[in-house]
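Analysis of the macromolecular model
If you want the building blocks of each chain, they are given just below.
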Amino acid sequence: MISILVPLLKRIFAVQLLLILVSFCSLNAQISLETIELPRQINETSGLEIIGDNFVTFNDSGGESELYFFDKTGRLTGSAVVHEAHNVDWEDICSDPNYYYIADTGNNYGKRRDQKIYRLNRNLILKDSITLSYAAQKSFKRRMTHPFDAEALADFNDSLILFSKDRSTNNSAVYQIAKQPGHQVLVAKDSLYVECLITGADFHKDSGLMGLTGYSKGGSQFLFLMPDYSVPYDQSKMERYVLPVMPAQIEAIHIESPSAIWLTSEDEGLGLPRLFKVVIN
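How each quantity is defined
Residues numbered from 1 in each chain as written. Predicted model: local features only at pLDDT ≥ 70, side-chain atom pairs only at ≥ 80, totals over all residues. Heavy atoms only, no water. pLDDT = per-residue confidence, 0-100. Contact = heavy atoms within 4.5 Å. Core = buried A, V, L, I, M, F, W, Y, C linked by side-chain atoms within 4.5 Å. Buried < 20%, exposed > 50% of the residue type's maximum accessible area, 1.4 Å probe, protein only. Helix = DSSP H or I, 4+ residues; strand = E, 2+ residues; numbered from the N terminus.

So, about the confidence of the model for the protein. Here the protein averages 90 in pLDDT, while 89% of its residues score no lower than 70. Note that residues 1–29 has pLDDT below 50 and, in this model, 10 contacts with residues that lie over four places away or in other chains.

For the rest of this paragraph, the subject is the nonpolar core. Ranked by internal contacts, the top residues of the largest apolar core, which has 20 residues, are F163, I198, M210, L212, F224, M226 and Y229. Listed by contribution, the elements that provide at least two residues to this core are β10 (150–156), β11 (159–164), β15 (197–204), β16 (209–215) and β17 (221–226). Not counting residues up to four positions away in its chain, the partners in contact with F224 are V194, C196, I198, M210, G211, L212, M238, E239 and R240.

Let's shift gears to unusual backbone geometry. P232 follows V231 through a cis peptide bond whose omega is -5°. A cis amide bond, omega -5°, links M246 with the succeeding residue P247. In this fold, P247 is placed in the loop between β18 (239–243) and β19 (250–257). You will see that E195, though not glycine, has its phi angle at about 55°, which is positive. Note on placement: E195 falls in the loop between β14 (190–192) and β15. Accessibility expressed as a relative area gives 45% for E195, which makes it partly exposed.

In structure tokens, the structure reads:
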């Protein structure tokens, strides 16, 4: 009997602890969180956009050049191959009225010379690309700590904004990119003091709200909200929320409204990938 009760009590305690954490977060940060499991086909979900009634995502770091569609219940509804595009390390997706933009900008070891942003038309057909390099990068030797990785891309009025994932400082450089195809040399326009690694971005045009996701080296997951976003930005207005979703690695964000925000997390080898709905009270 004791051998049966101990695992049961452990599970009850774990559930109670999660409820306490969510309640604490809701009380102090004024948020609530809903979790939805996603299919294993998108176990490395990175980037999140919405097309009609469905979300669109893809797998990063050498996954197929394929987009996956799923609904708000987590049910996979279809997929589409992006022909003539190569997924070296796709990290984020955003859109404007004319194009979808896929950021092939992951650069874990600082040695890439082929970062780019693919431009797809509204039928998800590849049209052209924007190739990128960093003005400050002089060395392309393989290393783990450097400032030339970027995983977060957002459409911002007439330009794109790329936020760096900087393992050397745990801050994020901000690059503004013109939407025209061709080569662009990146020079930082701003730097955000975030104390974590930034993984996803989205801009809500109607409200002027920019949102970022990130995680710390210890595994804590963060949501940053920046109302009235501009470049440069007054960081005294930036709000940071600690999300009670460990273990996880949140990689993407889509802002449905300033009070309803969707996030996705990779499975990290610990179960299924997940979709989170964050409600700001």
